[in-house]
Amino acid sequence: MTFLLFAEQMLNGLQFGIMLFLMAAGLTLVFGVMGLINLAHGSLYMIGAFAAAAVAGATGSFVLALIASLAAAAAAGALIELTVIRRLYKRDHLDQVLATFALILILSEGTRWVFGSFPLYLDVPSYLSGPVTLPGGIQYPLYRLFIICAGLLVAGGLFALIARTRIGIQIRAGEADREMIAALGVDISRLYTLVFALGAALAGLAGALVGAIQSVQVGMGEPVLILAFVVIVIGGIGSIKGALVGALLVGMTDTMGGVLLPRFFALFLDPSAATTIGASLGSMLIYILMAVVLIVRPSGLYGSA
Amino acid sequence: MTRENYINAGLTFLLVLVPFWAWSTGQAYILTLCTKVAILALAGVGLNIALGLGGLVSFGHAAFFGIGGYAMGILASHAQTFDPIMEWPILIEGTKSMPVIWLVAMITSALAALLIGALSLRTSGVYFIMITLAFGQMLYYFTIGWPAYGGEDGLSIYVRNSFPGLNTLVPVQFLILSYVILGLALLFSARLSRAPFGLALTAARQNADRVETVGIAPYRLRLVAFVISGAITGLAGALFADLNRFISPTMFSWHTSGEIMIFVILGGVGRLYGPVAGAALFILLEHLLGGVSDYWKIFLGALLLAVVLFARGGLIGTLAGREVAHD
């Protein structure tokens, strides 16, 4: 395996990991602050992608499409929080799982009803398409590089928001002791809606960014949702730092496993068997990683409970 | 007799009456629907042992359902092509005999449940939900990537497997077979919940510390419950595959886990007949609403949401009132 291919796959893994972080950040924030497990997070990812594809189709502007994805997902998130989710905070996890599973059914079928079963396509704008040459002679698609940079910027912004701003202080205080900050005069239900909408907007943005590489279709959020769960379980539920580390670990493991395992098996098996076994094992690798992390640390890398 | 017992008796009566009516008027489709209800209810009875008795919110029971289905598919497909599964070190051939398939399905899903449970039960709460979900998805992606038995497209078995003395291709005979198995599973589940093991398991759900103090390890109780639960759901998977004469990775998908959970919740968690009522309601809705709109799952979602938000305790809980024993 050449160095160039290896470097390219590393970048792919990084890009995948950063997209996973955008998904996992919202999940882990919502769990950390409100104690809620939200399966419908993947639907918000889907809503973001559909909003972007619809706006890009109507206006032709990729920037407007990204703004639309943020706005649509945040609005959908706020609406869901106000109507359904806030009734679930005091319920046990079983009720939360079922109610948000019901939301997936409603949102997925609703989207299918509005947009039909055929996938939509979101085109990469011309100024972001084509390859660039990186130091060391690596040819890499500009758009994927853009995703990495955009994701890193958003991640940095999120850390700054949580560490430096008043809202961030309130969010952290909400994780630590919700009665106390309510007693100190913070409107806790407004804070919850805000956190939920923030997480939704991040998921929607991730959906729109990835939607330009893959097709935009109903159910696109589900595989990502499950990977995001693996990420936050590995990182420790409620920890943003854990989500970042977990996302990069999962992104790298999945991408590199898919590339390296078939080559590894090809050393001592015939090529077709090596490809099959390698690909099957490669898709299981992140779950094995999760199992190992949990055996060593049952509450994740940065989990406190 | 309590109110719940009357409801259970009424449900049993209905579940016998409908197929009898369908059989006497020659409506094979209704018979197939009733068989589906019985098989899905069986999967729910399995989950209910973990979820209702043990309080273990497993979101990965599709793993056992799928393993049962694939046990059937693998054995029957090898028997269909007269191609042994393995020749070395011992010769293992495929089979079309239901009892053998059921046994293999139960043993393999019990082993899988032992492995998954041993790892997952180290955690609790949300971690447990997500880990069981992740293990289910792991098997889902594995079967998609495994070309030997159809991969993503699944695999058809042309003739339904055989049971000594019956012609299983006659709908009413396969229906009776499924009903008998469901009946046995319900009987087992009822006995289990009153047996010392079931009582200890219930106690561990309510207060694990106290159970530990009297010298019982909750981890072992839960693991055994998880294994029993997985084996029953695996048996349901084998029957379901035989009903459709088809297996595919969809059996492993997390939607399947969600649906098995929906049967239990719609009917009533921890209620003996909960899964039966839930599966019957689910199939009824699918049948009625599916005819009205292609997007019937919107209504299913809305109903489920309403049950979770407003009618806690499910169908049986709403009809029979609260359980006498509170958590």
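Residues numbered from 1 in each chain as written. Chains lettered and ligands numbered in written order. Predicted model: local features only at pLDDT ≥ 70, side-chain atom pairs only at ≥ 80, totals over all residues. Heavy atoms only, no water.

Caption draft 1: Focus on the overall build of chain A. If you tally the helices and strands in chain A, you get 11 helices and 2 strands. For chain A, the α and β elements follow one another from N to C terminus as α-α-α-α-β-β-α-α-α-α-α-α-α. Computed over the C-alpha atoms, the radius of gyration of chain A is 20 Å, within 12% of the 19 Å expected from 2.2 N^0.38 for a compact globule of 305 residues. Projected onto its principal axes, the C-alpha positions of chain A cover 65 × 50 × 40 Å. Each of the 305 residues in chain A was classed as buried or not, and the buried ones make up 54%. Within chain A, contacts between residues separated by at least 24 positions form 77% of all contacts whose residues are at least 6 apart in sequence. On chain A, roughly 12500 Å² of surface is accessible, and the fraction owed to carbon and sulfur atoms is 68%. (Helix = DSSP H or I, 4+ residues; strand = E, 2+ residues; numbered from the N terminus. Rg over C-alpha atoms; globule rule 2.2 N^0.38 Å. Buried < 20%, exposed > 50% of the residue type's maximum accessible area, 1.4 Å probe, protein only. Contact = heavy atoms within 4.5 Å. Areas by Shrake-Rupley, 256 points an atom, 1.4 Å probe, with all protein chains shown as cover.)

Caption draft 2: Up close: the packing of aromatic side chains. Counted according to the given criterion, the structure contains 23 aromatic pairs over all chains. Relative to F268(A), the ring of F264(A) has its centre 5.5 Å away and its plane inclined at 90 degrees; by these criteria the two rings are edge-to-face. Connected via pairs of aromatic rings, a cluster forms that spans F62(A), Y143(A) and F146(A). Directly above the ring of F174(B) sits R160(B), whose terminal nitrogen or CZ lies 4.2 Å from the centroid. (Phe/Tyr/Trp six-rings, centres within 6.5 Å; stacked < 30°, edge-to-face > 60°. Lys NZ or Arg CZ within 6 Å of the ring centre and 35° of its normal.)

Caption draft 3: Inspection of helix α5 (residues 125-144) of chain B at higher detail. Across its 20 residues, α5(B) extends 29 Å between first and last C-alpha, which sits within 8% of the 28 Å expected from 1.5 Å per residue. α5(B) sits mainly inside the fold: 15 of its 20 residues count as buried. (Expected span 1.5 Å × (residues − 1).)

Caption draft 4: Broad picture of the pattern of salt bridges. For the coordinates displayed, the defined rule picks out 6 salt bridges over all chains. E109(A) is the partner of R112(A) in a salt bridge, and the nearest nitrogen-oxygen pair spans 3.3 Å. Taken together, the residues R112(A) and E109(A), both in helix α4 (residues 93-115) and 3 residues apart, mark about one turn of the helix. Taking the relative accessible area as the measure of exposure, E109(A) reaches 9% and is therefore buried. Close ionic contact of E286(B) with K36(B) constitutes a salt bridge, the shortest N to O distance being 3.7 Å. Note that E286(B) is positioned in helix α11 (residues 274-292) and K36(B) in helix α2 (residues 28-53), a separation of 250 residues in sequence. (Salt bridge = Lys/Arg side-chain N within 4 Å of Asp/Glu carboxyl O.)

Caption draft 5: Summary view of helix α3 (residues 62-81) of chain B. Look at α3(B): 28 Å from first C-alpha to last across 20 residues, which is about the 28 Å you get at 1.5 Å a residue. Most of α3(B) is tucked away, with 18 of its 20 residues classed as buried.

Caption draft 6: Spatial organisation of unusual backbone geometry. Residue and element names in this part refer to chain B. Phi at F82 takes a positive value of approximately 55 degrees, unusual for a residue other than glycine. For F82, the position within the fold is in the loop between α3 and α4 (98-120). Positive phi, normally seen in glycine, also occurs at R245, with a value near 50 degrees. Its place among the elements puts R245 in the loop between α9 (218-244) and β2 (246-247). The partly exposed category is assigned to R245, whose relative accessible area is 30%.

Caption draft 7: Structural detail: the interface of chain A and chain B. With 46 residues of chain A at the interface, the matching set in chain B holds 41 residues. At the boundary of chain A with chain B, total buried surface from both sides reaches about 4000 Å², with 82% on carbon and sulfur atoms. Between the two partners, chain A and chain B, sit 0 salt bridges. Applying the counting rule to chain A against chain B returns 6 residue pairs in polar contact (both at pLDDT 80 or more). (Buried area = accessible area lost by both parts, 1.4 Å probe. Polar contact = N/O pair within 3.5 Å; in protein donor to acceptor, adjacent residues only side chain to side chain.)

Caption draft 8: Molecular detail of the environment of L248(A). All names here are of chain A. Mapped onto the secondary structure, L248 falls in helix α10 (residues 240-266). A C-alpha to C-alpha distance of 31 Å links L248 and D95, two positions 153 residues apart in sequence. Not counting residues up to four positions away in its chain, the partners in contact with L248 are L14, G17 and I18.

Caption draft 9: Layout of the packing of α11(B) against helix α12 (residues 296-310) of chain B. All names here are of chain B. Between α11 and α12, the shortest axis-to-axis distance is 9 Å and the interhelical angle comes to 140 degrees. If you check the angle between α11 and α12, you find them oblique. Relative to α12, α11 is oriented so that their crossing is right-handed. Between α11 and α12, the contacting residues are F282, L285, E286, L289 and G290 on the first element and W296, F299, L300 and L303 on the second. Classifying every residue of the contact of α11 with α12 gives 7 nonpolar, 1 polar and 1 charged. (Axes fitted to C-alpha atoms, helices over the stretch in contact; angles between N-to-C directions. Parallel < 35°, antiparallel > 145°, perpendicular 65-115°, else oblique. Left-handed = near helix turned anticlockwise from the far one by under 90°. Nonpolar A, V, L, I, M, F, W, Y, C, P; charged D, E, K, R; others polar.)

Caption draft 10: Layout of the nonpolar core. Among the nonpolar cores identified, the biggest contains 211 residues, and F21(A), M34(A), L39(A), F229(A), L42(B), F59(B) and W254(B) are the most heavily contacted of them. For this core, the leading source of residues is α2(B), giving 17 residues. With residues up to four places along the chain from it excluded, the contact list for F229(A) reads L27(A), I37(A), N38(A), L39(A), M130(B) and L133(B). (Core = buried A, V, L, I, M, F, W, Y, C linked by side-chain atoms within 4.5 Å.)

Caption draft 11: Layout of the confidence of the model for chain A. Mean pLDDT over chain A: 89, with 99% of residues reaching 70 or higher. Mean pLDDT values for the elements of chain A range from 82 in helix α11 (residues 271-296) of chain A up to 95 in helix α3 (residues 62-83) of chain A. (pLDDT = per-residue confidence, 0-100.)

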